[in-house]
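Remarks on the overall topology
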Amino acid sequence: MRLASYVVAEKPSYGIVLQDGLLDLGGRLGGRYADLRGLLANNGLGAARELSASGVPDLKFSQVTWLPTIPNPDKIICAGVNYKSHLDESGLVGKGFPVLFPRYAASQVGHLQPMICPRESDQFDYEGELVVVIGRGGRRIPEDQALDHIAGYSIYNEGSVRDWQVHTSQWTPGKNFAETGAFGPWLVTSDEIPDPYALEITTRLNGEVMQQTGVNRMLFAIERLISYFSTFVPLAPGDVIATGTPGGVGHARKPPLYLKQGDTVEVEISGIGTLRNPIVKEL
């Protein structure tokens, strides 16, 4: 099942993505589950699956404006340099533990929405990543139980403002400018992706492949990330974990290749779909 958040008729909603449109869950279940995060937090996937059996969409894709898949997560936790190819091109040295940093909800946009290169920088970069969305919360989750806590998988373009990222050893400023990260187009429930390590990430800039690798090349596995994060903070349904980007980012190219007005970035992950966003330079 594919689940998405969107705006229709100026009202936020969420629904099931069908082949030719959307079955609007907000209109049917909104009194019980206000949004997609609420659906996950209150064991609403079963009710959604029952409704999906009709297979009849309420909305055309052209009627909606896509929102970040989870517009209001309690936490967005990102893993940095989690592929050896990216670690090597960054010049950093691995520490034996995941590198991590937070993002905030205001830094996100949805599928087809502009990612904004802020006026303070001309070093805006792409980072295609697999996203894990938590469905069942917990604290100190053992690695051998971690996959059971996943509601599903999605895609992130973890847009990075590189010069602000390296102001200090903490990356938070370069990772949280408003509307710099894209999240979508939807969540694919974990029952449809029994082996996330079989997935492949491809990032394209204006149609040209910039990044391409298998998820199985992660340095710290998904189970390790969930267990590590949940050791110091309880994970909750709807929490978002961006699992890191592979090598090929623009900042590491010679000469560097940064995003500019009019560019289009696509992040495709096999078995999930393609997240597509235009780039707009803030005036």
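Every chain is numbered on its own, with residues counted from 1 as its sequence reads. It should be noted that, the model being predicted, local features are given only for residues of pLDDT at least 70 and side-chain atom pairs only at 80 or more, the latter also being counted only at that level, while totals for whole chains, interfaces and linings use all residues. Only heavy atoms go into the side-chain values, all of them from the structure, while hydrogens and water stay out.

1. Thoughts on the packing of aromatic side chains
So the rule is basically this: Classification of ring pairs rests on two measures: the distance between centres of Phe, Tyr or Trp rings, Trp counted by its six-membered ring, which must be within 6.5 Å, and the angle between planes, read as stacked under 30 degrees, edge-to-face over 60 and tilted in between. The numbering of helices and of strands both runs from the N terminus, where a helix is a DSSP run of H or I of at least 4 residues and a strand a run of E of at least 2. Each residue is assigned to one of three classes by its accessible area relative to the maximum for its type, calculated with a 1.4 Å probe on protein chains only: buried under 20%, partly exposed between the two thresholds, exposed over 50%.
For the structure shown, the criterion picks out nine aromatic pairs. Between Tyr228 and Phe232 the ring centres are 6.2 Å apart and the planes differ by 75°, which places this aromatic pair in the edge-to-face class. With Tyr228 and Phe232 both in helix α6 (residues 222–232) and four residues apart, the pair spans about one turn of that helix. Given a relative accessible area of 23%, Tyr228 falls into the partly exposed group.

2. Notes on the pairing of strand β18 (residues 273–281)
Filter applied, for reference: Should DSSP find at least two bridges between two strands, the strands are taken to pair.
Across three bridges, strand β8 (residues 115–117) lies against β18 in parallel orientation. Residue pairing for β18: Met115 is matched across the bridge by Ile279. In the sheet, strand β17 (residues 264–269) pairs with β18 via six bridges, with the strands oriented antiparallel. Its bridge partner being in β18, Val265 is matched across the sheet by Asn277. Remark: three residues form the turn of the hairpin made by β17 and β18, two consecutive strands paired antiparallel; Gly271 in that turn has positive phi of roughly 85°.

3. With respect to the pattern of salt bridges
Short version of the rule: The salt bridge criterion pairs a side-chain nitrogen of Lys or Arg with a carboxyl oxygen of Asp or Glu, the two atoms within 4 Å.
Per the stated rule, a full pass over the model turns up 15 salt bridges. A salt bridge links Lys75 to Asp239, with the nearest nitrogen and oxygen atoms 2.9 Å apart. Residue Lys75 is located in the loop between β4 (65–66) and β5 (76–80), and its partner Asp239 is located in the loop between α6 and β16 (240–242); the two are separated by 164 residues in the primary sequence. Owing to a relative accessible area of 1%, Asp239 belongs among the buried residues under this scheme. The residue Arg162 makes a salt bridge to Glu127 at a minimum N-O spacing of 2.8 Å. With Arg162 in helix α5 (residues 162–165) and Glu127 in the loop between β9 (124–125) and β10 (128–134), this pair connects stretches of sequence that are 35 residues apart. Residue Arg162 is classed as buried on the basis of its relative accessible area of 5%. A single salt-bridge network, built from bridges that share partners, covers Arg103, Asp125, Glu127, Glu158, Arg162 and Lys175.

4. Side note on the nonpolar core
To keep it simple, the criterion reads: Only buried residues count toward a nonpolar core. Its members are Ala, Val, Leu, Ile, Met, Phe, Trp, Tyr and Cys residues joined through side-chain atoms within 4.5 Å. Contact criterion: two residues are considered in contact whenever any of their non-hydrogen atoms come within 4.5 Å of each other.
Counting residues in hydrophobic clusters, the biggest one holds 51 residues, and the most contacted among them are Leu130, Val132, Tyr153, Ile222, Ile226 and Ile272. If we ignore the near neighbours within four places in the chain, the residues touching Tyr153 are Leu130, Val131, Val132, Leu147, Trp186, Leu187, Val188, Ser190, Ile193, Pro196, Ile222 and Ile272.

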